[in-house]
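Each chain is listed here by its residues.
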Amino acid sequence: MTEFVQAGELRTAFDREGHGPALVLMHGAEASRQMFAALVPHLAKHFTVIAYDQRDCGETQGPERPAMLVDLANDAQQFIKALGLKRAHVFGSSYGGRVAQALALLHPRSVDRLVLASTWALPRPYAELCPDASRLAELRRGLPETAEELATWFFPEAFLQQRPELRRIFATARPESARSIRRTATVATTLDKGVADIVAPTLVLAGELDRVVPPTVTLAMAGRIRGADAVLLPATGHVTAMQSPEALAHHMIRFLNPAGVKA
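These figures come from a predicted structure and were not determined experimentally. (Residues numbered from 1 in each chain as written. Predicted model: local features only at pLDDT ≥ 70, side-chain atom pairs only at ≥ 80, totals over all residues. Heavy atoms only, no water.)

Draft legend 1. Highlighting the overall build of the protein. Helix and strand counts for the protein stand at 11 helices and eight strands. Its C-alpha atoms give the protein a radius of gyration of 17 Å, near enough to 18 Å, the size a compact globule of 263 residues would have. Its C-alpha atoms put the protein at 45 × 40 × 35 Å along the principal axes. Excluding contacts between residues fewer than 6 apart, the proportion of contacts in the protein whose partners are at least 24 apart in sequence is 71%. For the protein, the accessible area works out to roughly 12000 Å², and carbon and sulfur atoms hold 53% of it. Side-chain charges in the protein split into 29 positive and 27 negative, and the spacing between the mean points of these groups amounts to 6 Å. (Helix = DSSP H or I, 4+ residues; strand = E, 2+ residues; numbered from the N terminus. Rg over C-alpha atoms; globule rule 2.2 N^0.38 Å. Contact = heavy atoms within 4.5 Å. Areas by Shrake-Rupley, 256 points an atom, 1.4 Å probe, with all protein chains shown as cover. Lys, Arg positive; Asp, Glu negative; His and termini not counted. Charge placed at Lys NZ, Arg CZ, Asp CG, Glu CD.)

Draft legend 2. The pairing of strand β6 (residues 111–117), seen in detail. Most of β6 sits out of view: six of its seven residues are buried. The pairing of β6 with strand β7 (residues 202–207) spans four bridges and is classified as parallel. Bridging across to β7, Val115 finds its partner in Leu203. (Buried < 20%, exposed > 50% of the residue type's maximum accessible area, 1.4 Å probe, protein only. Pairing = 2+ DSSP bridges.)

Draft legend 3. Up close: the pattern of salt bridges. Applying the stated criterion across every chain, the model contains 15 salt bridges. In this structure, Arg16 and Glu3 form a salt bridge, with 2.6 Å as the shortest nitrogen-oxygen distance. Of this pair, Arg16 sits in strand β2 (residues 10–17) while Glu3 sits in strand β1 (residues 3–7); the two residues are 13 residues apart in sequence, bridging distant segments of the chain. Residue Arg16 is classed as partly exposed on the basis of its relative accessible area of 40%. Ionic pairing is found between Glu9 and Arg55, a salt bridge with its closest N-O pair at 2.8 Å. (Salt bridge = Lys/Arg side-chain N within 4 Å of Asp/Glu carboxyl O.)

Draft legend 4. The arrangement of the nonpolar core in detail. Of all hydrophobic cores here, the largest spans 84 residues; its most connected members are Leu43 and Phe91. In terms of residue count, the dominant contributor to this core is helix α3 (residues 95–106) (seven residues). Discounting chain neighbours no more than four positions away, the residues touching Phe91 are Leu23, Val24, Leu25, Met26, Phe36, Leu39, Val115, Ala117, Leu248 and Met252. (Core = buried A, V, L, I, M, F, W, Y, C linked by side-chain atoms within 4.5 Å.)

Draft legend 5. How the structure looks around the packing of helix α5 (residues 133–141) against helix α6 (residues 147–154). Packing of α5 against α6 leaves a shortest axis separation of 9 Å and a crossing angle of 140 degrees. In terms of orientation, α5 and α6 fall into the oblique class. Of the two possible hands of crossing, α5 and α6 adopt the one that is left-handed. Of the residues in α6, those in contact with Arg135, Leu136, Leu139 and Arg140 of α5 are Glu149, Leu150, Trp153 and Phe154. Taken together, the residues that form the contact of α5 with α6 break down as five nonpolar, no polar and three charged. (Axes fitted to C-alpha atoms, helices over the stretch in contact; angles between N-to-C directions. Parallel < 35°, antiparallel > 145°, perpendicular 65-115°, else oblique. Left-handed = near helix turned anticlockwise from the far one by under 90°. Nonpolar A, V, L, I, M, F, W, Y, C, P; charged D, E, K, R; others polar.)

Draft legend 6. Looking closely at the sheet that holds strand β3 (residues 22–26). Read across the sheet, eight strands follow the order β1-β2-β4-β3-β5-β6-β7-β8 without closing on themselves; strand pairing throughout is mixed. Looking at which strands have only one partner, the edges of the open sheet turn out to be β1 and β8 (229–233). Each neighbouring strand pair of the sheet contributes to a mean axis angle of 25 degrees, computed without reference to strand direction. Each of β3, β4 (48–52), β5 (88–93) and β6 is contacted by α3, which is oriented at about 145 degrees to β5, the strand it contacts most. Where helix α11 (residues 245–256) meets the sheet, it contacts β3, β5, β6, β7 and β8, and its direction lies at approximately 165 degrees from that of β7.

Draft legend 7. Structural detail: the pairing of β2. The pairing of β1 with β2 spans five bridges and is antiparallel. Each residue of the ladder has a partner; that of Val5, found in β2, is Thr12. Between β1 and the antiparallel strand that follows it, β2, lie two residues; Gly8 among them carries a positive phi value of about 65 degrees. Note: β2 against β4, four bridges, orientation antiparallel. Counted as the bridge partner of Phe14 is Tyr52 from β4.

Next comes the structure, spelled out in structure tokens:
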């Protein structure tokens, strides 16, 4: 059931499920909290799982003006505070991992343990780290005609054979709007801080078959964050929460429950 809370200048939409330590989920650039639908049931056995819509996404409402990555990090800190929490575990996927990094760097007291999946390190922009960034941008501009090819970047072929409806998932992308233009501009911003300054215990996960953010790019972050753990998810593409929710949950539960709660 959708809940809303006033967090700073945003009326933030979120779902909350389960019991236990708070775990906040941060979605990707073009997504909403709905991307975690298959993952939440596995995590809710151990945590109070809170998935929210970021600024200019989903059902969250806010001022109609451009925002930067720093604003999304501040939004997340205000959201955690508005829920009556001092701190929470944080999971960020893809661009959500960038927001999670920024939160951990700017508001370290808000983050207990940090999980980063299928993302790339601050402060470098996506185009510098991912050699196929220009082709991906072309496919996005070519929608809806390029929907099926774009799907192969986010999901491996074997998974698309199991879930053929996902081949056209990008065909229903909404026409360009003032909101989507703002979101695209926000995603392009960065933060002049590096992951080496993250102090929260961190787990980094990558999909073996990720074409959007190559696993070498994601896993390289673990070598730059003090004491970070790293996991490569076999036969998995970019959207780990949809493709491998059980495996992803297993590693998250193991890491977020250092006392040894069984997954």
